[in-house]
Amino acid sequence: MPKLRLLFLLPLVACATTETENYEVGDQYFRIGQFHEAYEAYNKAADQTQDPSDELIARQAEARFRSILQSAESHIHLNQISEALQLLDFAEAERPGYASISELRIHAYRRRAAQLADEGEALFDDGLAFEAQEKYAESLKWNKENVEAQRGYEAASRVYKDRYSRGERKYFEGLEQDSEGHTGRARTSFAHASLLHGPDSKASQRLKAISTEEAKRQLKQGRQYFETQRIGAAWVTLMDAVRLDPENEDASTMLAQVNSQLEQIRVLNEADIHVRGGRSDVADEMLERVLEISGNEADKRLEMMREKASFQRALADYRIGRACELDSQVVRARDIYIQILADNSYGFEDVPMRVELLTRRVDTAKDFYNQALAAQKAGDAETYRNMLAKSIEQAGDYKDALQRFAALQ
């Protein structure tokens with residue numbers, strides 16, 4: 001026997017302390033149709049006596065039976081049809097042929113049929129004629145007189161038959177085109193037929209087969225483009241191959257390689273713009289990005305770009321070095337020129353000569369500076385002053401000669 005779940009509400013009477021009071025409370029609930037509460041009150045009355053009367057037992061059984069029917073009715077209103085029918089089956093077993101049971105059962109069938117008809121309408125609105133047709137048919141099994149289900153079934157059947165007929169024409173067109181060698185047109189026809197007949201149809205199987213073969217052909221063509229460095233053509237062809245057969249791992253792998261190449265080209269083009277604009281630091285960052293993408297396998301263009309960026313950076317440093325010379329910052333100018341020579345294998349033909357001349361001036365400044373320190377130690381202030389001045393004349397930024405000289409003023 002299935003376990004029944006009854007709905008209980010708070011009783012209208014606060015409490016009853018005797019069998020008679022609970023008996024009367026049960027009668028009050030029973031008269032106003034609150035059978036759950038009536039059954040509960042009769043139970044309390046029976047619990048308070050060791051020998052309940054036959055009348056109390058009969059009222060208790062009747063309230064229980066009515067409570068079951070009332071619960072079933074509540075489930076029907078909540079569209080919980082399975083639960084309602086379970087309760088009605090239980091009630092039918094107790095009282096076969098009871099009029100209210102058949103009435104509630106018909107009500108449940110109608111509610112279930114209406115619910116399925118609504119689901120069919122939603123499917124039909126979404127363009128799923130076949131699924132809607134099945135849902136309407138199920139609705140009519142519950143209630144063959146449901147007008148909405150009847151109309152919906154007829155409408156869905158017409159649309160489905162029309163779609164199937166059009167799909168069949170497209171399918172046969174595809175077969176004919178494929179036999180004549182018109183693969184592209186055949187694939188288009190099979191695609192249309194597949195949409196009309198569904199994913200499990202013969203049209204879908206034909207579409208998958210012909211798409212797989214076409215994907216292999218596109219992969220072969222894409223590989224040829226890739227090997228001859230026709231990156232743009234390879235990308236277009238391999239995209240078609242992957243679209244036609246997403247499960248082709250070779251096509252997906254090669255497409256990833258082509259995408260990597262395209263990304264390198266894009267970054268190199270952007271880096272070239274920065275190099276031309278004199279933003280070598282930004283260009284260097286982008287060139288490092290290219291190395292990451294390519295797995296540190298630099299091609300000729302990357303090497304040329306890096307050399308160009310290095311030259312632009314060195315050219316900027318050269319201008320700073322020349323400005324330092326004019327400002328008598330000889331030590332700094334010489335160090336800049338030395339770094340330019342270390343980083344560049346071409347250009348800046350005058351830099352070696354400048355390094356040689358500036359090195360002589362730094363060495364001379366060093367000699368004067370050392371003589372100044374010796375004079376200071378010997379207490380010869382005049383010589384100390386003169387040697388510092390000569391050191392500054394040769395290289396204004398040699399050590400702290402300028403600061404020492406300024407302190408003497």
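The shown structure was predicted, so the numbers you read here are calculated from the model rather than taken from an experiment. (Residues numbered from 1 in each chain as written. Predicted model: local features only at pLDDT ≥ 70, side-chain atom pairs only at ≥ 80, totals over all residues. Heavy atoms only, no water.)

## What about the overall build of the protein?
When you go through the protein residue by residue, the secondary structure sums to 17 helices and 0 strands. Residues classed as buried in the protein amount to 36% of the 409 residues present. The contacts in the protein between residues at least 6 apart in sequence include a share of 52% that link residues at least 24 apart. Surface accessibility of the protein: about 24700 Å² in total, with carbon and sulfur atoms responsible for 50%. (Helix = DSSP H or I, 4+ residues; strand = E, 2+ residues; numbered from the N terminus. Buried < 20%, exposed > 50% of the residue type's maximum accessible area, 1.4 Å probe, protein only. Contact = heavy atoms within 4.5 Å. Areas by Shrake-Rupley, 256 points an atom, 1.4 Å probe, with all protein chains shown as cover.)

## Re the nonpolar core
In this structure, Tyr 337, Ile 340 and Tyr 398 are the most contacted members of the largest nonpolar core, which totals 26 residues. Top contributing element to this core by residue count: helix H15 (residues 351–378), with 9 residues. Aside from chain neighbours lying at most four places away, what touches Ile 340 is Ala 314, Asp 317, Tyr 318 and Phe 348. (Core = buried A, V, L, I, M, F, W, Y, C linked by side-chain atoms within 4.5 Å.)

## Some words on a nonpolar patch on the surface
A cluster of nonpolar side chains, contributed by Trp 235, Val 236 and Met 239, occupies part of the molecular surface with about 250 Å² of accessible area. By secondary structure assignment, the location of Val 236 is in helix H10 (residues 231–244). Judged by relative accessible area, Val 236 falls into the partly exposed class, the value being 44%. (Patch = residues over 30% accessible without salt bridge, like charges linked within 9 Å, V, L, I, M, F, W, Y side chains within 5 Å. Salt bridge = Lys/Arg side-chain N within 4 Å of Asp/Glu carboxyl O.)

## Focus on the packing of aromatic side chains
Tallied over the full model, the rule gives 3 aromatic pairs. With 5.0 Å between their ring centres and 80° between their planes, Phe 65 and Tyr 98 make a pair best called edge-to-face. Of this pair, Phe 65 sits in helix H3 (residues 54–77) while Tyr 98 sits in the loop between helix H4 (81–94) and helix H5 (99–125), placing them 33 residues apart in sequence. On the numbers, 5.5 Å between centres and 65° between planes, the contact of Tyr 109 with Trp 142 is edge-to-face. (Phe/Tyr/Trp six-rings, centres within 6.5 Å; stacked < 30°, edge-to-face > 60°.)

## Section: the packing of H3 against H4
In a pair of packed helices, the angle between the axes and the distance between the axes together describe the arrangement. Running from N to C, H3 and H4 cross one another at 155°; their axes reach a closest spacing of 8 Å. If you check the angle between H3 and H4, you find them roughly antiparallel. Note that H3 runs across H4; the crossing there is left-handed. Residue-level inspection shows Arg 64, Phe 65, Ile 68, Leu 69, Ser 71, Ala 72, His 75 and Ile 76 of H3 in contact with H4, the latter providing Ile 81, Glu 83, Ala 84, Leu 87, Leu 88, Phe 90, Ala 91 and Glu 94. (Axes fitted to C-alpha atoms, helices over the stretch in contact; angles between N-to-C directions. Parallel < 35°, antiparallel > 145°, perpendicular 65-115°, else oblique. Left-handed = near helix turned anticlockwise from the far one by under 90°.)

## Some points on the side chain of Gln 218
If you trace the backbone, Gln 218 turns up in helix H9 (residues 202–227). What Gln 218 contacts, discounting residues up to four positions off in sequence, is Thr 237, Asp 240, Ala 241 and Leu 244.

## Side note on the packing of helix H14 (residues 330–343) against H15
Relative to each other, H14 and H15 sit at 145°, their axes nearing to 9 Å. Remark: the crossing between H14 and H15 carries left-handed chirality. Every residue of H15 that contacts H14 at Val 330, Val 331, Ala 333, Arg 334, Tyr 337, Ile 338 and Leu 341 is listed here: Val 351, Pro 352, Arg 354, Val 355, Leu 358, Thr 359, Arg 361 and Val 362. By residue class, the composition of the contact of H14 with H15 is 11 nonpolar, 1 polar and 3 charged. (Nonpolar A, V, L, I, M, F, W, Y, C, P; charged D, E, K, R; others polar.)

## Quick word on a negative patch on the surface
On the surface, Asp 118, Glu 121, Asp 125, Asp 126 and Glu 148 cluster together into a patch of negative charge. Considering every element that reaches the negative patch, the biggest residue donor is H5, with 3 residues. Position of Glu 148 among the secondary structure elements: in helix H7 (residues 147–179). (Lys, Arg positive; Asp, Glu negative; His and termini not counted. Charge placed at Lys NZ, Arg CZ, Asp CG, Glu CD.)

## What to know about the environment of Phe 226
Within the fold, Phe 226 resides in helix H9. Through-space distance from the C-alpha of Phe 226 to that of Val 258 is 7.4 Å; in sequence the pair is 32 residues apart.

## Observations concerning the pattern of salt bridges
Under the definition given, this model contains 8 salt bridges. For Glu 325, the salt bridge identified is with Arg 322, shortest N-O distance 3.4 Å. One end of the pair, Glu 325, and the other, Arg 322, are both in helix H13 (residues 300–326), 3 residues apart, so they sit about a helical turn from each other. Its salt-bridge partner being Arg 354, residue Glu 325 comes within 3.0 Å of it at the nearest N-O pair. Of this pair, Glu 325 sits in helix H13 while Arg 354 sits in helix H15, and the two are 29 residues apart along the sequence. Members of the salt-bridge network, linked through shared partners, are Arg 322, Glu 325, Asp 350 and Arg 354.

## Things to note about helix H16 (residues 381–394)
Under the 1.5 Å per step criterion, the end-to-end length of H16 is 20 Å for 14 residues, consistent within 8% with the ideal 20 Å. Among all positions of H16, only Tyr 384, Met 387, Leu 388, Ser 391 and Ile 392 are buried. All buried residues of H16 project into a common sector of 135° when viewed along the axis, lining one side. In H16, the exposed positions that point more than 90 degrees away from the buried face belong to Glu 382 and Glu 393. (Expected span 1.5 Å × (residues − 1). Arc of directions from axis to C-beta.)

## A word on H14
Residues separated by three or four positions in an α-helix point in the same direction, a consequence of the helix having 3.6 residues per turn. The end-to-end C-alpha distance of H14, which contains 14 residues, comes to 20 Å, matching closely the 20 Å that a straight helix rising 1.5 Å per residue would cover. Residues of H14 that are buried: Val 330, Val 331, Ala 333, Arg 334, Ile 336, Tyr 337 and Ile 340.

## A few points about the side chain of Ser 391
For Ser 391, the location among the structural elements is in helix H16. Not counting the four nearest positions on each side in its chain, Ser 391 is found in contact with Ala 365, Phe 368, Tyr 369, Tyr 398 and Ala 401.

## Notes on unusual backbone geometry
We note that Asn 79 has phi near 60°; this positive angle belongs to a residue other than glycine. Along the chain, Asn 79 falls in the loop between H3 and H4. Judged by its relative accessible area of 32%, Asn 79 falls in the partly exposed class. Backbone geometry places Ser 328, a non-glycine residue, at a positive phi of 65°.

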